[in-house]
Amino acid sequence: MELTLLTLSKLLKMEIMSDKVIGAPYLKLNDKYIITEHFITKELEINNLETYEWQTLSNENITDYLILHSIGKIRE
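The notes below deal with the structure included here. It should be emphasised that the depicted structure is a prediction, and the values quoted were computed from it without experimental measurement.

**Focus on the overall build of the chain**
- For the chain, the count of helices and strands is two helices and five strands.
- Long-range pairs, those at least 24 residues apart, make up 24% of the contacts in the chain with a sequence separation of at least 6.
- Total accessible area on the chain is roughly 5600 Å²; 55% of this is exposed by carbon and sulfur atoms.

Encoded structure:
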């Protein structure tokens, strides 16, 4: 299965939210981190809303992020 924002939202049972300015879809992990899809490549990215840094999520490292989120290690 291809990992897209839609498939990830279904797996996590999270609603896809939308940015009010440009309508960009995202999944909110907490007040600091969101997951988005790159608008051209469609690759998943994790975005830090405080530093405006982002990192592409590969199939290998997305599991690590989600485990850290589920146990509360991604700090808000």
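**Looking at the nonpolar core**
- Core analysis: the biggest nonpolar cluster contains twelve residues, these being Leu5, Leu8, Leu27, Leu29, Tyr33, Ile35, Leu44, Ile46, Leu57, Ile62, Tyr65 and Leu66.
- Put simply, the parts of the chain that give this core at least two residues each are α1 (5-12), β3 (33-37), β4 (44-48) and α2 (59-70).
- Top contributing element to this core by residue count: α2, with three residues.
- Filtering out sequence-adjacent residues up to four positions away, Leu66 remains in contact with Leu8, Leu12, Leu29 and Ile35.

**Quick notes on the pairing of β3**
- Among the five residues in β3, four count as buried, and that is most of the element.
- Of the strand pairs in this sheet, strand β2 (residues 25-28) and β3 are connected by three bridges, and their pairing is antiparallel. Across the sheet, Tyr26 pairs through a bridge with Thr36, a residue of β3.
- What sits between the antiparallel neighbours β2 and β3 is a turn of four residues.

Scoring rules and cut-offs
- Residues numbered from 1 in each chain as written.
- Predicted model: local features only at pLDDT ≥ 70, side-chain atom pairs only at ≥ 80, totals over all residues.
- Heavy atoms only, no water.
- Helix = DSSP H or I, 4+ residues; strand = E, 2+ residues; numbered from the N terminus.
- Contact = heavy atoms within 4.5 Å.
- Areas by Shrake-Rupley, 256 points an atom, 1.4 Å probe, with all protein chains shown as cover.
- Core = buried A, V, L, I, M, F, W, Y, C linked by side-chain atoms within 4.5 Å.
- Buried < 20%, exposed > 50% of the residue type's maximum accessible area, 1.4 Å probe, protein only.
- Pairing = 2+ DSSP bridges.

Treat this as a map of the structure, not an account of what it does.
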